[in-house]
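# Fold and contact review
Residues per chain are reported as follows:
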Amino acid sequence: MHIAYNSCRNRHCPKCQAIAAKEWLAERQAELLPVPYYHLVFTLPAAIGNIAYQNKAVIYGLLFKAAAETLITIAADPKHLGVRIGLTAVLHTWGSALTHHPHVHIIVPGGGISPDGQRWVSCRPGFFLPVRVLSRLFRRLFLEKLVAMHDAGRLQFFGDHAPLAEPTAFAAYLAPLRKAEWVVYAKRPFGGPEAVLAYLSRYTHRVAIANSRLIAFNDNGVTFKWKDYRANEADRYKVMRLAIDEFIRRFLIHVLPDGFHRIRHYGLFANGGRADNIARARHLLNVPTPQSAPTEADSSGDSGPQALSHPCPCCGGRMIIIETFERGSTPRYRPTVPIRIDTS
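Since the structure is predicted, the reported quantities are computational estimates derived from the model, not experimental observations.

## A closer look at the side chain of His92
- Within the element layout of this structure, His92 appears in strand 2 (residues 86-94).
- With relative accessibility at 3%, the residue His92 sits in the buried group.
- When near neighbours in sequence (up to four residues on either side) are disregarded, His92 contacts His101, Pro102, His103, His105, Tyr203 and Arg206.

Written as structure tokens, this is what we have:
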């Protein structure tokens, strides 16, 4: 007997994201530049996270905009790089224990195009932009945008936060945040474009908890593995058991509003001029334009997944080449997750 899962195609389902991730990566692979890439994380304070749960679309959108504007503004400053940069941002709303922890992961090349468009300017090796400067500007931009949303009546408050609907109470709530340090974390640069793809394949289409972290499920609750980042390295990996209703509640916290884009591109990578900007950057870096994706007849078993130009005859979705093999031979590819057959 073989279990064939009926795909729900929900973007919050850990089973239904593998193909979407491969398709997205196939499209991004040709856009990578042969330069070091940097990884930054912009995190909202807990006080903002508390009201973000009641205003997901608005505050998550502000998080994207403030983080992107911060990087683009500081990078364009002649005191730092003085260039136009491009970046890709991915929203995560969870901590390892399924708590509400909104933050964005941002991948950005280590350099950009000069204002006159004639040079590619690289950052210093191993250093992109000063984290403290980024943190201060991010704090100011986000709070300005948040207050503007409150003044426009775009925020809603319920329960214990209902009094924040009054401007005076909201200003008092934000006052301590204007002096606190906001977390902007810069990780070590990636080893190369291949490392960037490997990272993105794990993060872009991730959901709040993967099936691999689940240990047990019974009448006593749900048991799963989690990582305590505040503990020492040897004691970080722990096991947590939650009541069934509490586990479901925590998971549903991270369901995004309908139509909300959790992967966004800014600057040189903005959708309007991305192709032209990437072509210009490749010209300035004196690297050849990558070959177009091979056709189905030219694909081999060793190549990565490629998007086909024609849709699936059954569901109409885009098809991805995983492997091609001779008639009568056995395929070498073994899926990491069970193959889903949609019987609906």
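Let us keep going from here.
## Section: the packing of helix 3 (residues 56-76) against helix 4 (residues 131-151)
- Where helix 3 contacts helix 4, the two axes come as close as 9 Å, and the packing angle between them is 140 degrees. Our classification of the angle between helix 3 and helix 4 gives oblique. The chirality of how helix 3 crosses helix 4 is right-handed. In this structure, helix 3 contributes Val58, Ile59, Leu62, Leu63, Ala66, Ala67, Glu69, Thr70, Leu71, Thr73 and Ile74 to the contact, and helix 4 contributes Val133, Leu134, Leu137, Phe138, Leu141, Phe142, Lys145, Leu146 and Met149.
- Here the residues of the contact of helix 3 with helix 4 sort into 16 nonpolar, two polar and two charged.

## Quick look at the pattern of salt bridges
- Here the structure, examined in full by the defined rule, presents seven salt bridges.
- When the shortest N-O distance is used, the salt bridge between Glu31 and Arg274 registers 3.4 Å. Remark: Arg274 occurs in helix 8 (residues 274-284) and Glu31 occurs in the loop between helix 1 (18-29) and strand 1 (37-43); sequence separation between them is 243 residues. In this structure, Glu31 and Arg274 share a single accessibility class: buried.
- Across the salt bridge formed by Lys238 and Asp228, the nearest N and O atoms sit 2.8 Å from each other. Note that Lys238 is positioned in strand 9 (residues 237-242) and Asp228 in the loop between strand 8 (221-227) and strand 9, a separation of 10 residues in sequence.

Parameters at a glance
Residues numbered from 1 in each chain as written. Predicted model: local features only at pLDDT ≥ 70, side-chain atom pairs only at ≥ 80, totals over all residues. Heavy atoms only, no water. Helix = DSSP H or I, 4+ residues; strand = E, 2+ residues; numbered from the N terminus. Buried < 20%, exposed > 50% of the residue type's maximum accessible area, 1.4 Å probe, protein only. Contact = heavy atoms within 4.5 Å. Axes fitted to C-alpha atoms, helices over the stretch in contact; angles between N-to-C directions. Parallel < 35°, antiparallel > 145°, perpendicular 65-115°, else oblique. Left-handed = near helix turned anticlockwise from the far one by under 90°. Nonpolar A, V, L, I, M, F, W, Y, C, P; charged D, E, K, R; others polar. Salt bridge = Lys/Arg side-chain N within 4 Å of Asp/Glu carboxyl O.

Structural measurements only, silent on function.
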